[in-house]
Amino acid sequence: MSLQLDTINLTLGDGDQQVVALDNVNLAVAPGELVAVLGPSGSGKSSLLAVAGLLLRPSTGRVSIDGTDVTDLGDRERAQRRADRIGFVFQAANLVPSLSVREQLLLIEHLRGGRPRLAEQRADRLLEAVGLTSRAGHRPGQLSGGERQRAGIARALMNEPGILLADEPTSALDRARGRAVVELLAQQAHEREVATLMVTHDTSMLDVADRVLEMRDGQLAPRAPVAA
Amino acid sequence: MFIALRDLRFARGRFALMGAVVALVALLMVLLTGLATGLADDNVSAIADLPATHLAFSAESGVKFNQSTVTADQWQALRSVPGVADAAPVGNSLFNGHVYADHAQADKARTEVLANGKATSADTAGAPAVDLALFGVEPGSFVAPVQTAGERLAAGSDGVVVSDDLARKKGVKVGDVLVLDRVGLELPVVGITRKANFGHVPVVFAPLQVWQKATFGSTRAVATFVAVRADDAFVPATADQAQRLTTVTRTAAFDGSPGYKEETGTLVMIEGFLYVIAGMLVAAFFTVWTIQRTAEIGLLKALGARTGYVVRDAIGQAAIVLVGATALGLGLGLGLGAAMPGNAPFALKPVPVLGAGALLVVMGLLGSAVSIRRIAKIDPLIALTGGNAGAR
Ligand SMILES: Nc1ncnc2c1ncn2[C@@H]1O[C@H](COP(=O)(O)OP(=O)(O)O)[C@@H](O)[C@H]1O
Ligand SMILES: [Mg+2]
């Protein structure tokens, strides 16, 4: 398993404001598997990604990546794991405003202290895979929402991640473009053997996923069969 | 500095604005150091250029040019103090005078001054007036001026050697006669020496006895201070004890010139304020810039950038802007300084100018460093959850 969460509990806020964001969550995602997580707003979906992506430490429970327990790593090691093993696709693409599309990808290699030559080749291949070759020199401000999101996916794949975490990657897009983005994610997950966890609240995309889970009040369960 | 350089290009308008402010401060620094150096030159260049290591004043007066009197016993005794290569008396007083090209006219002026205290007839009173510092030195001693034109000082003569400044600004030339106001001494100009100033007026070098006559009305074996040429073996405190002197290094003696401390003090204070203001300006700029970049920094950290990486990037960016802007400002300042009118108290020397530039860059870097804590505190979680993650 590339990603494994064991009996995760996460309490956020303090004092009277405490919220149980994750309640006894268990989840395993295999390499090449695309798991979709559905759920209403505030149910804890982003919290799940934050814990899986080493941005938040769970209150209790264990997080494992590639079979290694990473729950208790310090901030520096977590940053290193994120740089090396994890790809993020954010809700609003979240690109660096001053960098061109190609530089967004090269940045990832730069953060890892890697070799620029190989990185340039990989970046060009990824941009081709997401159909952005002709946009490689453009800055985020010069791109459409769909193009930005595709750039975000290419960036997330740049470090050849074992895990890809996508938080509502289609929420800023119209249906057709949203679907294209999700299909791209699924294709890349399968081709590159990436364990992909995608949060969405758009039920029309679910057929693309290998497995669909549902989050309710911090509890994760297989999706209940839909009546009619 | 992968991002820093691209940010500089991307947000060039904003950086240009900050750079312009830093450049202007640098320019102001050049003008201020020029003024400080110029004023100091104007005030004490004659002392600064003395080929002496130490100056000895009387113990009673301390380091005060206008109050000290030293005796022949004292300067002769100093010559045999261990470590002292040579010691020579220097008399120093401020005078006013008039310059005459025509000797008959100078004689007439002298008679009038002796009778009435000033030149009274139309032709004598209209001669060019000069303020001057009369330096009395023993002809042939190591403090005697080196003439660039005319002849050197000679014992037993009233001939004087004047600062080049008098030649350039007042048209004084060898052969002219200087008549001192009030005392009515007639001093023929026999030579010109390089620019020497004291107390913001040009220096006229005279034989010590002439200075004594001008100052006391008679030749008494005294001077204002003793110029000492000594090596490391010289212990001023011991000589001071034995001879009732106050001996200081040549540069420390500058403070004894009237107004020197106050002038330099004021300028140093203005410069100090400017450095602090520059530091605070840069701090304010980078604080706002960091706040604007909060989301981007959160993203970088989420993507695996360590805080140290982001900080290095930010400080490197500040360094580029500061060095570039300071260099530009120094360049403009030097250009402007070169265009200064010649009679303004203004002089540019490489060390103070480069020192000011370096200090400005350091202050700017300190200013930019205030954003380090802010950068460190940004939580990568905001990349996922947006701005409200800061609530944690
Ligand atoms: N920093 C926080 N402090 C307190 N409560 C929080 C914080 N972040 C999120 N929450 C709460 O945790 C719950 C889960 O939030 P989230 O994971 O963002 O849900 P979703 O992504 O499904 O909308 C919500 O009730 C939310 O209000
Ligand atoms: Mg969410």
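Residues numbered from 1 in each chain as written. Chains lettered and ligands numbered in written order. Predicted model: local features only at pLDDT ≥ 70, side-chain atom pairs only at ≥ 80, totals over all residues. Heavy atoms only, no water.

### Examining the domain arrangement of chain B
All names here are of chain B.
Logical step 1: Under the domain assignment used here, chain B contains domain 1 (2-44 + 261-385) and domain 2 (51-249).
Logical step 2: Just the C-alpha atoms count here: the centres of domain 1 and domain 2 sit 47 Å apart.
Logical step 3: Each side of the interface is counted separately: domain 1 has 7 residues, and domain 2 has 6 residues.
Logical step 4: A combined buried area of about 530 Å² lies between domain 1 and domain 2, and 41% of that area is made up of carbon and sulfur atoms.
Logical step 5: Along the lines of polarity and charge, the residues of the side of domain 1 that touches domain 2 split into 2 nonpolar, 2 polar and 3 charged. (Domains from an automatic or database assignment. Contact = heavy atoms within 4.5 Å. Buried area = accessible area lost by both parts, 1.4 Å probe. Nonpolar A, V, L, I, M, F, W, Y, C, P; charged D, E, K, R; others polar.)

### Some thoughts on the pairing of strand β9 (residues 211-216) of chain A
Residue and element names in this part refer to chain A.
Logical step 1: Two strands pair when backbone bridges link them, and strand β3 (residues 34-38) and β9 are joined in this way by 4 bridges, in the parallel orientation. Paired with Ala 36 across the bridge in β9 is Val 212.
Logical step 2: Pairing geometry for β9 and strand β10 (residues 219-222), over 4 bridges, is antiparallel. When the sheet's bridge partners are listed, Met 215 is paired in β10 with Leu 220. (Pairing = 2+ DSSP bridges. Helix = DSSP H or I, 4+ residues; strand = E, 2+ residues; numbered from the N terminus.)

### Here we look at the site of ligand 1
Residues and elements named next belong to chain A.
Logical step 1: Neighbouring residues of ligand 1: Leu 12, Gly 13, Val 19, Ala 21, Pro 40, Ser 41, Gly 42, Ser 43, Gly 44, Lys 45, Ser 46 and Ser 47.
Logical step 2: Within the contact set of ligand 1, an oxygen atom lies 2.8 Å away from a backbone nitrogen or oxygen of Lys 45.
Logical step 3: Contact distances for ligand 1 include 2.6 Å between an oxygen atom and a side-chain N or O atom of Ser 47.
Logical step 4: Elements represented by at least two residues in the shell around ligand 1 include exactly β2 (19-29) and α1 (45-52). (Near = heavy atom within 4 Å. Polar contact = N/O pair within 3.5 Å; in protein donor to acceptor, adjacent residues only side chain to side chain.)

### Points about a nonpolar patch on the surface
All names here are of chain B.
Logical step 1: Judged by side-chain polarity, Val 21, Met 269, Phe 273, Ile 277 and Leu 281 come together as a nonpolar surface patch covering roughly 460 Å² of accessible area.
Logical step 2: When residues of the nonpolar patch are assigned to their parent elements, the largest contribution, 4 residues, is made by helix α9 (residues 260-292).
Logical step 3: Mapped onto the elements, Val 21 comes out in helix α2 (residues 12-48). (Patch = residues over 30% accessible without salt bridge, like charges linked within 9 Å, V, L, I, M, F, W, Y side chains within 5 Å. Areas by Shrake-Rupley, 256 points an atom, 1.4 Å probe, with all protein chains shown as cover. Salt bridge = Lys/Arg side-chain N within 4 Å of Asp/Glu carboxyl O.)

### So, the nonpolar core
Logical step 1: In this structure, Leu 5, Leu 48, Leu 107 and Leu 197 of chain A are the most contacted members of the largest nonpolar core, which totals 94 residues.
Logical step 2: With 6 residues, helix α3 (residues 101-111) of chain A is the single largest residue contributor to this core.
Logical step 3: Among all residues touching Leu 48 of chain A, those that are not within four sequence positions of it are Leu 5, Leu 22, Val 25, Leu 27, Val 37, Leu 197, Met 215 and Leu 220 of chain A.
Logical step 4: In terms of nonpolar packing, the next biggest core, distinct from the first, is built from 36 residues, Ala 56, Leu 134, Leu 166 and Val 228 of chain B among them. (Core = buried A, V, L, I, M, F, W, Y, C linked by side-chain atoms within 4.5 Å. Buried < 20%, exposed > 50% of the residue type's maximum accessible area, 1.4 Å probe, protein only.)

### A word on the pattern of salt bridges
Residues and elements named next belong to chain B.
Logical step 1: With the rule as written, the count across this model stands at 29 salt bridges over all chains.
Logical step 2: Between Asp 7 and Arg 293 there is a salt bridge whose closest N-O contact spans 3.5 Å. Of this pair, Asp 7 sits in helix α1 (residues 2-10) while Arg 293 sits in the loop between α9 and α10 (294-302), and the two are 286 residues apart along the sequence.
Logical step 3: Residue Arg 293 is classed as buried on the basis of its relative accessible area of 5%.

### Considering the interface of chain A and chain B
Logical step 1: Chain A puts 27 residues into the contact, and the matching count from chain B is 21 residues.
Logical step 2: Roughly 2400 Å² of surface becomes buried between chain A and chain B when both sides are summed, with 68% attributable to carbon and sulfur atoms.
Logical step 3: For the chain A face of the interface with chain B, the top three residues by lost area are Leu 55, Ser 98 and Leu 111 of chain A, together amounting to 21%.
Logical step 4: Counting across the interface, chain A meets chain B through 1 salt bridge.
Logical step 5: Linking Arg 6 of chain B and Glu 103 of chain A is a salt bridge whose minimum nitrogen-to-oxygen distance equals 2.9 Å.
Logical step 6: On inspection of chain A and its partner chain B, the count reaches 7 residue pairs in polar contact (both at pLDDT 80 or more).
Logical step 7: Contributing elements (two or more residues each) for the side of chain A that touches chain B: α1, α2 (75-85) and α3 of chain A.
Logical step 8: Residue contributions to the side of chain A that touches chain B peak at 6 residues, all from α3 of chain A.

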